[in-house]
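# Structural description and commentary
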Amino acid sequence: MKNPTRLFVPSPMSFMVLATIVMAMTFSAWNALLNNFAIEQAAFTGAHIGMLQSLREVPGFLAFTAVFVLLVLKEQTFALVSLCLLSIGVALTGFFPSVYGLYATTVLMSIGFHYFETLNQSLSLQWFSKEEAPEQLGRLLSIKSMASLVTFGLIWVAFTWLATDYVWVYLLFGGAGLALTLFMAATHPQFVQQATQHKKLILRKQYSLYYILTFFSGARRQIFMVFAGFLMVEKFGFDVAEITALYMLNHVVNIFVAPKIGQMINRIGEQKALTLEYSGLILVFVGYALVESAQLAAVLYVVDHIFFAMAIALKTYFQKIAQPEDIAATAGVSFTINHIAAVVIPASFGVVWLYDQSLVFYFGAALAGCSLLLSQFITPHLKKATA
């Protein structure tokens, strides 16, 4: 038969789905094990974890350089290279159980992660129409949660029943991510983009509100990413199995909630969605500062994760105000803006953490308050941009 029916038909959506699975699987494995691996194997303190997270964010700060790499590589190819670097960095992590070894593998992993995230945003906003983007991004978040859930489940089994060493778990998930990336490279052709992207840095006055919201989002997210999980381990004594179970619960919720969030954004608009997100995050961060119960801390962590899923609205807001040819260049610039504070906050707040943990989370609440105030300017700005 010359043209047999193909069970797998490559498409932009299948590329995004597989790339999302690779990113979710590798980064979830790295993140789920990080705090326990750092404390148990590398004797990390709060200051060490803060420094590691600052180093992890340096490639994010340099994400604007993606536009220069695009002079040589196409976006789709660059995304595959980035996933390879991410997977290799994760696979090597368990072989270097020391402060500087973990710093080195983290930077390698982070280069791939942050370049991919930059390209992921750019490609998705180019491949999905403005009408379908919120729901498609919601579906991808749901798929990301499914992949993360499977990863966390396997980690839970590995540490609860099989007493697996860290090195083999890191190697398993990093190797699987690399294999799946090579499969994507072999099966997906280069897809046509509707608009030719600028190959230079783009900074436009009409994107100013987006830039500022992105800056606060990056600063606020670092507090969640770095210190909320560390709180669970250091203050409440969560072990690997318990941390993994908490992550699993987060993603079970997200599988069902993320598509609904995408639909909600389509229905109520970006301003109302972001208002809801930022208002909720103020309460969550204050809760982190005051909590003395491990169970309540776990509830706050799950609620926090749900609110961060609503960040889809910031991406679709940009899509609506952006000129089509600006998307790739601005994605790199926005990731750099997102990581300006991210480079400074983990290390500096790691020192604050040694003095008073609650101050870290009160600052997070203040950042969410600034975002809430700024988000009230979205609707008139959006109407003007789309008029």
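Nothing here was measured: the structure is a model prediction, and the numbers come from that model.

Procedures and definitions
Residues numbered from 1 in each chain as written. Predicted model: local features only at pLDDT ≥ 70, side-chain atom pairs only at ≥ 80, totals over all residues. Heavy atoms only, no water. Helix = DSSP H or I, 4+ residues; strand = E, 2+ residues; numbered from the N terminus. Contact = heavy atoms within 4.5 Å. Areas by Shrake-Rupley, 256 points an atom, 1.4 Å probe, with all protein chains shown as cover. Phe/Tyr/Trp six-rings, centres within 6.5 Å; stacked < 30°, edge-to-face > 60°. Buried < 20%, exposed > 50% of the residue type's maximum accessible area, 1.4 Å probe, protein only. Core = buried A, V, L, I, M, F, W, Y, C linked by side-chain atoms within 4.5 Å. Axes fitted to C-alpha atoms, helices over the stretch in contact; angles between N-to-C directions. Parallel < 35°, antiparallel > 145°, perpendicular 65-115°, else oblique. Left-handed = near helix turned anticlockwise from the far one by under 90°. Nonpolar A, V, L, I, M, F, W, Y, C, P; charged D, E, K, R; others polar. Salt bridge = Lys/Arg side-chain N within 4 Å of Asp/Glu carboxyl O. Bend = angle between axes of the 7 residues up to and from the residue. pLDDT = per-residue confidence, 0-100. Patch = residues over 30% accessible without salt bridge, like charges linked within 9 Å, V, L, I, M, F, W, Y side chains within 5 Å.

Moving on, we get to the overall build of the protein chain. Scanning the protein chain from terminus to terminus reveals 16 helices and zero strands. Taking the intrachain contacts of the protein chain between residues at least 6 apart in sequence as the baseline, contacts between residues at least 24 apart amount to 88%. Total accessible area computed for the protein chain in this model is approximately 15,900 Å², and 69% of it derives from carbon and sulfur atoms.

Attention shifts here to the packing of aromatic side chains. Overall, the coordinates contain 14 aromatic pairs when judged by the stated rule. Here the aromatic rings of Phe-37 and Tyr-166 are separated by 5.2 Å at their centres, their planes lie at 65 degrees, and the arrangement is edge-to-face. Linking Phe-37 in helix α1 (residues 12-42) with Tyr-166 in helix α7 (residues 166-187), this pair joins segments that are 129 residues apart in sequence. Like Tyr-166, Phe-37 is buried. Members of the aromatic cluster, each reached through a chain of ring pairs, are Phe-227, Phe-285, Tyr-288, Trp-353 and Phe-361.

This next bit is on the nonpolar core. The biggest cluster of nonpolar side chains holds 118 residues, and the ones touching the most others in it are Phe-15, Phe-44, Tyr-288 and Phe-361. If one sorts the elements of this core by residue count, α1 sits on top with 17 residues. Leave out the neighbours within four places in its chain, and Phe-15 touches Gln-76, Ala-79, Leu-80, Leu-123, Trp-127, Met-184, His-188 and Phe-191.

With that settled, consider the packing of helix α4 (residues 75-93) against helix α5 (residues 99-127). Here α4 crosses α5 at 150 degrees, and the two axes come no closer than 7 Å. Classified by the interaxial angle, the pair formed by α4 and α5 is roughly antiparallel. α5 is crossed by α4, and the crossing has left-handed handedness. In the contact of α4 with α5, the residues fall into 18 nonpolar, eight polar and one charged.

Applying the stated criterion across every chain, the model contains three salt bridges. With a closest N to O distance of 3.8 Å, Arg-220 and Glu-277 form a salt bridge. Taken as a pair, Arg-220 in helix α8 (residues 208-234) and Glu-277 in helix α10 (residues 270-290) lie far apart in primary sequence, 57 residues in all. Each member of the pair, Arg-220 together with Glu-277, is buried.

On to α1, then. A turn of α-helix holds 3.6 residues, and therefore any two residues three or four places apart point the same way. Its maximal kink placed at Leu-34, α1 deviates by approximately 50 degrees. Within α1, 25 of the 31 residues are buried, which leaves the element mostly enclosed by the surrounding structure.

What follows concerns the packing of α1 against α8. Between two packed helices, what matters for the description is the angle formed by their axes and the separation of those axes. At their nearest, the axes of α1 and α8 sit 10 Å apart, and the two run at 55 degrees to each other. When the axis of α1 is compared with that of α8, the two are oblique. For the element pair α1 and α8, the recorded crossing hand is right-handed. In this structure, α1 uses Phe-27, Asn-35, Asn-36 and Ile-39 to contact α8, whose residues at the interface are Met-225, Gly-229, Phe-230 and Val-233. Its residues assigned to classes, the contact of α1 with α8 comprises five nonpolar, three polar and no charged.

The next subject is the confidence of the model for the protein chain. Across the protein chain, pLDDT averages 80, with 86% of residues at or above 70. Looking at the elements of the protein chain, mean pLDDT is at its lowest for helix α16 (residues 378-386), recorded as 54, and at its highest for α7, recorded as 93. Per-residue pLDDT stays below 50 along residues 1-5; that stretch engages in zero contacts with residues further than four places along the chain or on separate chains.

Attention now goes to a nonpolar patch on the surface. Together, Ile-88, Leu-92, Phe-95, Phe-96, Trp-168 and Leu-171 make up an exposed nonpolar region whose accessible area comes to about 560 Å². Going through the elements one at a time, α4 and α7 are the ones with two or more residues in the nonpolar patch. Take Leu-171: it is sitting in helix α7.

Time to look at the environment of Thr-244. Its location among the elements puts Thr-244 in helix α9 (residues 240-268). Considering only alpha carbons, one finds Thr-244 and Leu-33, 211 residues apart in sequence, at a separation of 8.2 Å. Those residues in contact with Thr-244 that lie beyond four places of it in its chain are Ala-32, Phe-152, Ile-155 and Trp-156.

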